[in-house]
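Survey of secondary and tertiary structure
Below, each chain spelled out in residue letters.
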Amino acid sequence: ARTVAGHFPEGRATILDAEDATYDAVAAGAAAATHLHFACHGVFSGANPQLSLLVLSRGQPLLLYNVLYNVSMPAARLAVLSACDSAQIDYRSLPDEAVGLPAGFLQAGVPGVVGALWPVADESTPLLMGRFYHYHLRGDADGGANGSITDPGGPVLGAPVDEPEPTTTTTTTTTVPATTSTTT
């Protein structure tokens, strides 16, 4: 979480670690954040996709249902779901691929979502996320070839969940375990 937060201006990131990344804290922080970064466990439910979830502090779930109907994210421009299988969908039963965590964040109004189609390694993911934010916040969609720079915007919310040491951080106004967000 700290790695990600380091890419945002000082004071713009809120990290919710361990016990602080509760559902209520994440929901409150998401209301003002421009960037949401979740570094936690993810679970896809093929039987009932609205029960797919991100595991927050103390095992509290952030269900797809909550993302769609209970959590307000009016300022969010990007949600990074750095969680195992967070972008999974059941393409055999749901051929339109419209039901899953990424689509839920998009439907909730977040214009950009990054998720994982596979398990996320605790050792390498902070490195990947650090590079992602390095280029993303500079507007370098091509990995640095164009050299453009943009302002990262407002505060970020993020926090790692069940990690021995914080490894990835996002800058926001509020942070949640395995979640980061930014607000303007």
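A brief structural summary. All values derive from a computational prediction rather than experimental measurement.

**Comments concerning the pattern of salt bridges**
Scanning the entire structure with this criterion turns up two salt bridges. Among the ionic pairs, Arg58 bridges to Glu19, the shortest N-O distance being 2.5 Å. Of this pair, Arg58 sits in the loop between β4 (53-55) and β5 (61-63) while Glu19 sits in the loop between β1 (13-15) and α2 (23-30); the two residues are 39 residues apart in sequence, bridging distant segments of the chain.

**A word on helix α5 (residues 125-136)**
Helix length check: α5, at 12 residues, gives a terminal C-alpha distance of 16 Å against a target of 16 Å (1.5 Å per residue), a fit within 8%. Burial in α5 covers these residues: Thr125, Pro126, Met129, Gly130 and Tyr133. For α5, the angular spread of buried residues about the axis comes to 135°, placing them on one side. Exposed residues pointing more than 90 degrees away from the buried face of α5 are listed as Leu127 and Leu128. The elements touched by buried residues of α5 are α1 (2-5), β2 (35-39) and β6 (78-81).

**Details of the nonpolar core**
Counting 26 residues, the largest nonpolar core has Leu36, Phe38, Leu54, Leu62, Met73 and Phe105 as the members making the most contacts within it. Counting only elements with at least two residues in this core, the list comes to α2, β2, α3 (64-69), β6 and α4 (101-107). No other element matches α2, which puts five residues into this core. Met73 has contacts with Ala30, Leu36, Val67, Phe105, Ala108 and Val110, leaving out every residue within four places of it along the chain. Within the second largest apolar cluster, seven residues are counted, among which are Val4, Leu78, Met129 and Tyr133.

**Concerning the sheet that holds β5**
Reading across from one edge, β3-β4-β5 is the order of the three strands in this open sheet, with antiparallel pairing throughout. A single partner strand is all that each edge strand has here, and the edge strands are β3 (41-43) and β5. On average, each strand axis in the sheet is inclined to that of its neighbour by 20°, with strand direction left out of account. Of the strand pairs in this sheet, β4 and β5 are connected by three bridges, and their pairing is antiparallel. Its bridge partner being in β5, Val55 is matched across the sheet by Pro61.

What counts as what
Residues numbered from 1 in each chain as written. Predicted model: local features only at pLDDT ≥ 70, side-chain atom pairs only at ≥ 80, totals over all residues. Heavy atoms only, no water. Salt bridge = Lys/Arg side-chain N within 4 Å of Asp/Glu carboxyl O. Helix = DSSP H or I, 4+ residues; strand = E, 2+ residues; numbered from the N terminus. Expected span 1.5 Å × (residues − 1). Buried < 20%, exposed > 50% of the residue type's maximum accessible area, 1.4 Å probe, protein only. Arc of directions from axis to C-beta. Contact = heavy atoms within 4.5 Å. Core = buried A, V, L, I, M, F, W, Y, C linked by side-chain atoms within 4.5 Å. Pairing = 2+ DSSP bridges. Axes fitted to C-alpha atoms, helices over the stretch in contact; angles between N-to-C directions.

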